[in-house]
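# Coordinates in review
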Amino acid sequence: MDFRDHIRVISDFPKEGISYKDITTLLKNGEIYRASIDALVEKISPWQPDVIVGPEARGFLFGAPVAYALGVGFVPVRKPGKLPAGTIQETYALEYGFDTLEVHADAIQPGARVVLVDDLLATGGTMLATANLMKKIGADVVGMGFLIELTFLNGREKLIDYPVFSLVEY
Ligand SMILES: O=P(O)(O)OC[C@H]1O[C@H](OP(=O)(O)OP(=O)(O)O)[C@H](O)[C@@H]1O
Ligand SMILES: Nc1ncnc2[nH]cnc12
């Protein structure tokens with residue numbers, strides 16, 4: 001199945017020069033959405049994660065169903081001010097701006113095998129920040145999975161320390 005056929009590309013969103021990969025067209029199609037989760041699960045399952053971690057917001061759309069399918073927990077990594085208990089933070093650069101991510105300090109046991117899931121790898125800033133949060137916790141990031149990878153932004157270079165796969169490349 002070519003998931004690319006179900007991803008809508010919008011030029012100059014949210015800024016001029018950005019070719020935005022719109023996953024809402026994939027999500028609204030139940031058969032294709034399920035197939036994308038199944039494909040992620042097939043690749044992630046051999047890593048035998050104890051927990052799946054996904055960054056807000058689109059990481060939730062893929063990470064949580066993968067966790068459900070594997071029967072493991074899901075831990076959300078959120079934008080600042082959203083998590084109610086004690087957090088740790090990491091600031092990172094986006095393809096279009098800067099942001100900070102937070103996770104509950106007690107969300108994951110030190111030494112847990114963690115797989116990070118997101119919809120899209122661009123510069124790699126989001127996933128590197130998420131991996132750095134895991135490092136601070138003492139969790140073991142055993143892999144990262146994405147639906148989409150923008151290869152021309154070389155995000156993998158930032159994530160060189162980790163096994164990475166994506167289902168669709170642009
Ligand atoms: O590899 P990077 O350059 O870090 O970019 C990828 C990130 O950018 C998007 O999230 P965004 O921050 O736009 O937030 P959203 O999921 O809330 O839309 C996307 O969902 C990834 O998380
Ligand atoms: N080009 C892009 N399309 C969709 N989401 C993104 N996040 C970062 N870059 C993006």
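Residues numbered from 1 in each chain as written. Chains lettered and ligands numbered in written order. Predicted model: local features only at pLDDT ≥ 70, side-chain atom pairs only at ≥ 80, totals over all residues. Heavy atoms only, no water.

For the rest of this paragraph, the subject is the site of ligand 1. Close contacts around ligand 1 come from 16 residues, with D118, D119, T123, G124 and T126 the closest. The separation between an oxygen atom of ligand 1 and a polar side-chain atom of T123 is 2.5 Å. Interatomic distance of 3.4 Å between a backbone N/O atom of G125 and an oxygen atom of ligand 1. Protein burial of ligand 1: of its 500 Å² of free accessible surface, 88% is covered by the chains. Among the secondary structure elements, those contributing two or more residues to the shell around ligand 1 are β7 (113-121) and α4 (125-137). Ranked by residues supplied to the shell around ligand 1, first place goes to β7 with four residues. Taken together, the residues that form the shell around ligand 1 break down as six nonpolar, four polar and six charged. (Near = heavy atom within 4 Å. Polar contact = N/O pair within 3.5 Å; in protein donor to acceptor, adjacent residues only side chain to side chain. Areas by Shrake-Rupley, 256 points an atom, 1.4 Å probe, with all protein chains shown as cover. Helix = DSSP H or I, 4+ residues; strand = E, 2+ residues; numbered from the N terminus. Nonpolar A, V, L, I, M, F, W, Y, C, P; charged D, E, K, R; others polar.)

This part takes up unusual backbone geometry. Between F13 and the following residue, P14, the backbone shows a cis peptide bond with an omega angle of -5 degrees. Examined against the element boundaries, P14 turns out to sit in the loop between β1 (8-11) and β2 (19-22). Cis peptide bonds are those with omega within 30 degrees of zero, and the linkage from E56 to A57 qualifies with -10 degrees. Secondary-structure assignment places A57 in the loop between β3 (51-55) and α3 (58-70). For D12, which is not glycine, the phi dihedral falls at a positive 60 degrees. Within the fold, D12 resides in the loop between β1 and β2. Judged by its relative accessible area of 46%, D12 falls in the partly exposed class. You will see that Q48, though not glycine, has its phi angle at about 50 degrees, which is positive. Within the secondary structure layout, Q48 lies in the loop between α2 (30-44) and β3. On the basis of relative accessible area, Q48 is assigned to the exposed category, the value being 59%. (Buried < 20%, exposed > 50% of the residue type's maximum accessible area, 1.4 Å probe, protein only.)

The subject of this paragraph is the nonpolar core. By size, the foremost hydrophobic cluster in this structure holds 26 residues, and its most contacted members are F3, I44, F62 and L147. Mapped by element, the contributors of at least two residues to this core are α2, α3, β7, β8 (140-149) and β9 (164-169). When near neighbours in sequence (up to four residues on either side) are disregarded, I44 contacts P49, I52, V66, L70, V115, V117 and F165. V51, M127, A129 and A139 belong to the second-largest nonpolar core, a separate cluster that totals 25 residues. (Core = buried A, V, L, I, M, F, W, Y, C linked by side-chain atoms within 4.5 Å. Contact = heavy atoms within 4.5 Å.)

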